[in-house]
Amino acid sequence: MPAIRYRSADVDGFRIAFREAGRPGAPKLLLLHGFPSAGHMFRELIPLLSDRFYLVAPDLPGFGLSGMPARDRFTYSFDNVASVVDRFTEVIGFDRFAIYVFDYGAPTGFRIAAKHPERITGIVSQNGNAYEEGLSKGWNPIRAYWQDPSQANREALRAFLKPETTVWQYTHGVPDPTLVSPDGYSLDNLYLSRPGADEVQLDLFGDYKSNIALYPTFQAYFRVHKPRLLAVWGRNDPFFLPAGAEAFRRDIPDAQVTFFETGHFALETHAAEIAAAIRAFLV
């Protein structure tokens, strides 16, 4: 088995935990996780790619083992999350790299790509959305909070933080749920149970509207710079619809789009297939 190293970096006073594998001189691939997970979601993928790539999977600010400062010391917005991750890439020497984006990793990575298009060698989007048509009705409770950020609407979103909801996110749309290891969702629920983690996540739910406001910016980046893009999508995702994957071709006609018969956390059931697609794509 290839060695995976577990490190942390000081990013201007912000601790970012990350896992790393592969040879530093190899092509670089930054792996950006989503809600409510952390870099551990790539535990099956990293060994399948480490002979070809230099891989780094950070835990986003407020997630996993990275710093989660109090909300009066750090504003939990996607702009700030992306800014910390952007600086993190500089601290660890990621000057030119491909990005793998999933869920929250997409607005994080797309912000970085639009800001530094010269640094991006390719994009793998696994259920990482950038188009309105990719948003399902599952977003309706969160949209209600955007439109009326009342305490009642905020409290209603706590249903997304329940342990059974995390399990549902992992297993919904998976033809055989027995293939989904409990390791991933159990660890996510442990992180969600930390004091203060619930308010951090509710803040990010509220700020997700900033990502939709940036969709035209992301799409302009796609049209102008035409980055190589591979969409590998769990077809049965309850949050991000297949139409969101197909829409990439509107701005990047050569984008490759592949669907898998699984749900939101596609790596839990299709890590080998996604790794093979990445190896064929990032050559």
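What comes next concerns the included structure. (Residues numbered from 1 in each chain as written. Predicted model: local features only at pLDDT ≥ 70, side-chain atom pairs only at ≥ 80, totals over all residues. Heavy atoms only, no water.)

**Quick word on the pattern of salt bridges**
A side chain of one charge can pair with a side chain of the opposite charge if their charged atoms are brought near each other. Scanning the entire structure with this criterion turns up 23 salt bridges. Where Arg5 meets Glu20, a salt bridge forms, and the shortest distance between an N and an O atom there is 2.8 Å. Highlighted residues: Arg5 in strand β1 (residues 4–11) and Glu20 in strand β2 (residues 14–21), separated in sequence by 15 residues. According to the relative accessible area criterion, Arg5 is partly exposed, its value standing at 26%. What makes Glu20 buried here is its relative accessible area of 7%. (Salt bridge = Lys/Arg side-chain N within 4 Å of Asp/Glu carboxyl O. Helix = DSSP H or I, 4+ residues; strand = E, 2+ residues; numbered from the N terminus. Buried < 20%, exposed > 50% of the residue type's maximum accessible area, 1.4 Å probe, protein only.)

**Structural notes on unusual backbone geometry**
Following Phe35, the chain continues to Pro36 via a peptide bond in cis, the omega torsion being -10°. Within the secondary structure layout, Pro36 lies in the loop between β3 (28–32) and α1 (46–49). Here Asp103, not a glycine, exhibits a phi torsion of approximately 55°, which is positive. Here Asp103 is to be found in the loop between β5 (97–101) and α3 (105–115). At Asn127, a residue that is not glycine, the phi angle is positive and equals roughly 55°. Taking relative accessible area as the criterion, Asn127 reaches 0% and is therefore assigned buried.

**What about the sheet that holds strand β6 (residues 120–125)?**
Reading across from one edge, β1-β2-β4-β3-β5-β6-β7-β8 is the order of the eight strands in this open sheet, with mixed pairing throughout. For this open sheet the edge positions go to β1 and β8 (256–260), each flanked by a neighbour on one side alone. Along the sheet, successive strands turn relative to each other by an average axial angle of 20°, direction set aside. Here five bridges tie β5 to β6, and the two strands are oriented parallel to one another. By the bridge assignment, Val101 is partnered in β6 with Ser125. Those strands touched by helix α2 (residues 78–91) are β1, β2, β3, β4 (54–58) and β5, and its axis lies near 110° from that of β1. (Pairing = 2+ DSSP bridges. Axes fitted to C-alpha atoms, helices over the stretch in contact; angles between N-to-C directions. Contact = heavy atoms within 4.5 Å.)

**Let's talk about the packing of aromatic side chains**
Within the structure shown, the criterion is met by 31 aromatic pairs. Both rings, one in Tyr131 and one in Phe248, keep their centres 5.4 Å apart while their planes meet at 90°; by these two values the pair is edge-to-face. Linking Tyr131 in the loop between β6 and α4 (140–147) with Phe248 in helix α12 (residues 248–251), this pair joins segments that are 117 residues apart in sequence. Here Trp233 and Phe248 contribute two aromatic rings whose centre-to-centre distance is 6.4 Å and whose plane-to-plane angle is 70°, an arrangement assigned as edge-to-face. With Trp233 in strand β7 (residues 229–234) and Phe248 in helix α12, the pair connects residues that are 15 residues apart, well separated along the chain. A relative accessible area of 0% places Phe248 in the buried class. Among the aromatic residues, those joined into a cluster by ring pairs are Phe35, Phe63, Phe78, Tyr104, Trp139, Trp146, Phe160, Trp168, Phe205, Tyr208, Phe239 and Phe240. Note that Arg228 overlies the ring of Phe281, its terminal NZ or CZ placed 5.6 Å from the centroid. (Phe/Tyr/Trp six-rings, centres within 6.5 Å; stacked < 30°, edge-to-face > 60°. Lys NZ or Arg CZ within 6 Å of the ring centre and 35° of its normal.)

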